[in-house]
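Topology and contacts: notes
Listed here are the chains, written in short residue letters.
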Amino acid sequence: MDIREEIVRLKNKKRAIILAHNYQRDEIQEIADYTGDSLGLSKKAASIQDKELIVFCGVYFMAETAKILSPDKKVIIPDRGAGCPMADMITAQQVREFRNKYPGSVVVCYVNSTAEVKAESDMCCTSANAVQVVLSLPADKTILFVPDRYLGDFVRKKTSRNIVCWKGFCPTHARVTRDMVLAARKKHPNAVVLVHPECTEDVVDAADEAMSTGQMIAYVKKSGRTEFIIGTEKGILYQLKKENPRKDFYLVGKDVICPNMKKIDLQKLLVSLQEEQDEVVVAPAIMERARKAISAMLLL
Ligand code: SF4
């Protein structure tokens, strides 16, 4: 039997749902029941009723978020080693120390963080709703934004709020340079440049728009334009091309690939379903506190 058929057979037998991030390999996005950005995946995970098993194809913090939002379901990830270097740039202890330095501040934590860091935070955000989250907070509060300095800078510019950023960053998006954007524009003068706000400030300034991957998909679909330079992880091209076969997409640079997002392949997905491994486990006390921060965001 073909590996895809076997995955589908097992998925149905085990009443499982396959969730995949927009940066996953094409073949994983193709077989998934739902693909999306962190916000879309969080909302989906929170709404799953009729399934017993969630197979999460993404990086570990995303699978943890799914577990926190669906505590009664078994959540598995096909490669336990698919981590996020940005999420590992801050620990729970460092969040506590950061907060102690700014008494009375509010900690906003990008969803690209560990469950322990979320548990120390007041509210989570994703790249799709970070501006909205910050604007929902009292204007006189100092906001400690962890762990992504570039998303934090982007939100500060959009909101004029007093935001102090942790110094984390995404190594994949940090590879995108302003020169790459300018060179791509020269090559494709009619294209709209869309970048992710995890990119550096000069890259965002050189682009036409900065937005989450889910927002990019919606933007391109609505746009009357036909050419787009894309400044985010390569995996997004799968959905963009699938939904817009008559439009052209140019990745801003060939190296914008997150190695962790590519760790899961069909073989690992199959084994994971067969063995129901690796199970994602979050300590109950952490889960409870982390859920409060995530739910505060989802209630907006
Ligand atoms: S693309 Fe960046 S933020 Fe996303 S998982 Fe990879 S390293 Fe982490």
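Criteria and thresholds
Residues numbered from 1 in each chain as written. Predicted model: local features only at pLDDT ≥ 70, side-chain atom pairs only at ≥ 80, totals over all residues. Heavy atoms only, no water. Salt bridge = Lys/Arg side-chain N within 4 Å of Asp/Glu carboxyl O. Helix = DSSP H or I, 4+ residues; strand = E, 2+ residues; numbered from the N terminus. Buried < 20%, exposed > 50% of the residue type's maximum accessible area, 1.4 Å probe, protein only. Domains from an automatic or database assignment. Contact = heavy atoms within 4.5 Å. Buried area = accessible area lost by both parts, 1.4 Å probe. Polar contact = N/O pair within 3.5 Å; in protein donor to acceptor, adjacent residues only side chain to side chain. Nonpolar A, V, L, I, M, F, W, Y, C, P; charged D, E, K, R; others polar. Disulfide = S-S within 2.5 Å.

Glancing now at the pattern of salt bridges. With the rule as written, the count across this model stands at 18 salt bridges. In this structure, Glu52 engages Arg15 in a salt bridge whose closest nitrogen and oxygen atoms are separated by 3.1 Å. Residue Glu52 is found in the loop between helix H3 (38-47) and strand S3 (53-57), and its partner Arg15 is found in the loop between helix H1 (3-13) and strand S1 (16-21); the two are separated by 37 residues along the sequence. Judged by relative accessible area, Arg15 falls into the partly exposed class, the value being 41%. Through salt bridges that share partners, Lys14, Lys74 and Glu276 make up one connected network.

Each domain of the protein chain was delimited in the assignment, giving domain 1 (3-83 + 261-281), domain 2 (87-169) and domain 3 (173-257). Centre-to-centre, using C-alpha coordinates, domain 2 lies 26 Å away from domain 3. Across the contact, 11 residues belong to domain 2 and 12 residues belong to domain 3. Both sides of the domain 2 and domain 3 interface together cover about 870 Å² of buried area, and 57% of this is carbon and sulfur. Salt-bridge contacts for Lys157 lead to Glu201; the nearest nitrogen and oxygen are separated by 3.3 Å. Here domain 2 is connected to domain 3 by six residue pairs in polar contact (both at pLDDT 80 or more). The element best represented in the side of domain 2 that touches domain 3 is helix H8 (residues 149-159), accounting for five residues. The residue makeup of the side of domain 2 that touches domain 3, split by class, is six nonpolar, two polar and three charged.

Here the bond from Val146 into Pro147 is cis, since omega is -15°, no more than 30 degrees from zero. Among the secondary structure elements, Pro147 is positioned in the loop between strand S7 (143-146) and H8. Cis rather than trans, the peptide bond between Gln277 and Asp278 has omega equal to -15°. By secondary structure assignment, the location of Asp278 is in the loop between helix H13 (266-275) and helix H14 (284-298). The phi dihedral of Arg15 falls on the positive side, at around 50°, and the residue is not glycine. Residues other than glycine seldom take positive phi values, yet Glu276 does so here, at roughly 55°. Looking at where Glu276 falls in the secondary structure, it is placed in the loop between H13 and H14.

Attention now goes to the state of the cysteines. Counted by the stated rule, this structure contains zero disulfides. Just so you know, Cys57 is unpaired, no disulfide at all, and the nearest cysteine sulfur is the one on Cys258, 14 Å from it. Cysteine Cys124 shares no disulfide, and the gap to the nearest cysteine sulfur, in Cys109, comes to 4.2 Å. Residue Cys124 is classed as buried on the basis of its relative accessible area, which comes to 0%.

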